[in-house]
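Summary of structural features
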Amino acid sequence: MTLGIPTTDMSHALPCARHLIDGRAVESANGETFETRDPHDNSVIGTVVRGSAADGERAIKSARRAFDEGPWPRMTPRERRKILHDIADAVDAHRDELAMLETVDSGKITRQALHGEMPRVAQNLRFFADYAAMTPSEAYPDGAVLGYTLYPPAGVVTAISPWNAPLMLATWKVAPALAFGNTVVLKPAPQTPLTAARFGELALAAGLPEGVLNIVHGFGGDEVAGPLVSDPRVDRITFTGSSATGARIMAAAAEQLTPVSAELGGKSANVVFDDADLDIAVPESVKAIFAGSGQVCFAGSRLFVQRGILPEFLARFTAQAEDIVVGDPKNPSTSMGPLIEQRHLDKVHGYVELARREGGTVVTGGSRVTTGEMARGFYYPPTVITGLTNESRTAQEEIFGPVVAVIPFDTEQEALRLANSSPYGLAGILFTTHLDRAHRMAAAWQAGTVWVNCFFERDLRMPFGGQGISGVGREGGQYSRDFFTEPRAVMVRTH
Ligand code: NAD
């Protein structure tokens, strides 16, 4: 089974991604396809089957049968661990190919795909394989009754993922679901289907039994994703994407009372106090908003700077933003690639226009990059805006692009109030050299993650998720275990 994807060179053949259902690569029931394009130059780089509800149902049936009758849920965690480690080894062995596919499909810079995300894909697999194999069962001896806990798999899991970190976020869901013995139907984002399709092939070749991982391609609503979120044969739904889609999925799942874990949008605050070490705070703040072209859920897009240091901070921050090399993500000297698609570029630029109408001043950036070959792609420069209030729409709504609003504050209480004045609650970022202030802020911040004097650091054992409209539930370590299993209390009379 091959998608016809050449190993590293994309210039000679166009891959065709098909559904993976019941261990076979299949066309859509209605024969429809769509194109996937390179955001660098808008060229067509592959054809993808466009799933309908019928394909979603086929995939659920396959996952259901694999769960009810197949070997996967009946294996020991150690047996599953071995296969998941073999898949991780295959990901490592195909790292160049997967990174190149991710670059041309999503516009992600190759360096990041190669050294950041693909190693994390393998780590997701190994971490959850090990975690599940080492998960203990608690015992509660109490007089004549011995109680203990079991963690059987939940059943069939729907995993729906976005386009901004395609394979990394897909495996953040698929790895724990599989490790705890579930079977899966994965639907990657239609903008970025290629790495998931290739991953499915690698997983099968590495020994994953047929039907355990099914992958369907296409769109939400009443197309392929319809049954994935509304079919009673699905036992869990894990979703990463926008808050609006999360709400729609939860509404559909509520009819069947299917549990949903939702990792959603963000508008995270980044607070820089006047006691901060600016040699750390400036580059980390630049990274916090401009990494991934700002298409990162926990991007620090509201940047609050204590008034006394605002001139110096802004000068250094803007200079470093202007030093970012925007260009072809395949070029090793590039540090920022294009946005995902024209529609998204229009949305991002629309917010910059809105910021101007709201009284903001664009300090740098603010219009599409059209120099040279970038004219054909969806390039937008690092954009820094001042003069806005935290109440402005620009500062309240998720832009999901390289656009930051810089807003001054005076006191710690004001910084905390501003940080928490958002319907989102995904992450908070804080720069200070006062230990007591760091702990005070972390305790009072309404966000799922707080970074102090750093950004992007993750420990996969820790809870990941958001509050407010940034999410429902947490994943990672024991939180993934609790979501992807049906914890069971067993009571045994012993005498
Ligand atoms: P999106 O919500 O448009 O789409 C996400 C996925 O949901 C895609 O696969 C899409 O096809 C599918 N989908 C769309 N409508 C659906 C429906 N009605 N039923 C079922 N599936 C449906 O999001 P996006 O534009 O792909 O991704 C960007 C968003 O994701 C941003 O808001 C970003 O903050 C968020 N995000 C969150 C996290 C996190 O961990 N919290 C991580 C990455 C991205």
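What you see is a predicted model, and the numbers here were worked out from it, not measured in a lab.

In the vicinity of the ligand, 28 residues are found, and the nearest of them are Lys-187, Ser-242, Thr-245, Leu-264 and Glu-398. Within the side chain of Trp-163, one N or O atom sits 2.9 Å away from an oxygen atom of the ligand. Summarising the interface, the protein chains cover 88% of the accessible area of the ligand, which totals 850 Å² for the free molecule. Looking at the shell around the ligand, the elements with two or more residues in it are β11 (236-240) and α8 (243-254). For the shell around the ligand, the residue count by class is 15 nonpolar, 10 polar and three charged. No fewer than three residues from each of domain 1 (16-264 + 470-490) and domain 2 (269-459) sit in the shell around the ligand.

Once that is clear, we can look at the sheet that holds strand β14 (residues 302-306). Strands sit in the order β15-β16-β17-β14-β13-β19-β20 across an open sheet of seven strands; the sheet is mixed. Single-partner strands in this sheet number two, and they are β15 (361-364) and β20 (449-452). Between one strand axis and the next, the sheet turns through 25° on average, direction left out of account. The pairing of β14 with strand β17 (residues 403-409) spans five bridges and is parallel. Across the sheet, Val-305 pairs through a bridge with Pro-408, a residue of β17. Contacts between helix α13 (residues 412-420) and the sheet are confined to β13 (269-272), β14 and β17, with β14 contributing the most and set at about 175° to the helix.

Looking now at the environment of Leu-303. Mapped onto the elements, Leu-303 comes out in strand β14. Judged by its relative accessible area of 1%, Leu-303 is buried. Between the C-alpha atoms of Leu-303 and Val-384, which are 81 residues apart in sequence, the distance is 9.9 Å. If we skip the residues at most four places from it in the chain, Leu-303 touches Asn-270, Val-272, Ser-285, Phe-313, Phe-317, Val-404, Ala-405, Val-406 and Ile-407.

What follows is about the pattern of salt bridges. Taken as a whole and judged by the stated rule, the model has 34 salt bridges. A salt bridge links Asp-38 to Lys-330, with the shortest nitrogen-to-oxygen separation between them at 3.9 Å. Remark: Lys-330 occurs in the loop between α10 (310-323) and α11 (342-357) and Asp-38 occurs in strand β4 (residues 33-38); sequence separation between them is 292 residues. For Lys-330, a relative accessible area of 34% translates into the label partly exposed. One salt bridge in this structure joins Lys-173 and Glu-263, with 3.9 Å as the shortest N-O distance. Placement of the pair is Lys-173 in helix α5 (residues 166-179) and Glu-263 in strand β12 (residues 260-263), with a sequence separation of 90 residues. Pair check on accessibility: Lys-173 and Glu-263 agree, each one buried.

About the criteria used
- Residues numbered from 1 in each chain as written.
- Predicted model: local features only at pLDDT ≥ 70, side-chain atom pairs only at ≥ 80, totals over all residues.
- Heavy atoms only, no water.
- Near = heavy atom within 4 Å.
- Polar contact = N/O pair within 3.5 Å; in protein donor to acceptor, adjacent residues only side chain to side chain.
- Areas by Shrake-Rupley, 256 points an atom, 1.4 Å probe, with all protein chains shown as cover.
- Helix = DSSP H or I, 4+ residues; strand = E, 2+ residues; numbered from the N terminus.
- Nonpolar A, V, L, I, M, F, W, Y, C, P; charged D, E, K, R; others polar.
- Domains from an automatic or database assignment.
- Pairing = 2+ DSSP bridges.
- Axes fitted to C-alpha atoms, helices over the stretch in contact; angles between N-to-C directions.
- Contact = heavy atoms within 4.5 Å.
- Buried < 20%, exposed > 50% of the residue type's maximum accessible area, 1.4 Å probe, protein only.
- Salt bridge = Lys/Arg side-chain N within 4 Å of Asp/Glu carboxyl O.

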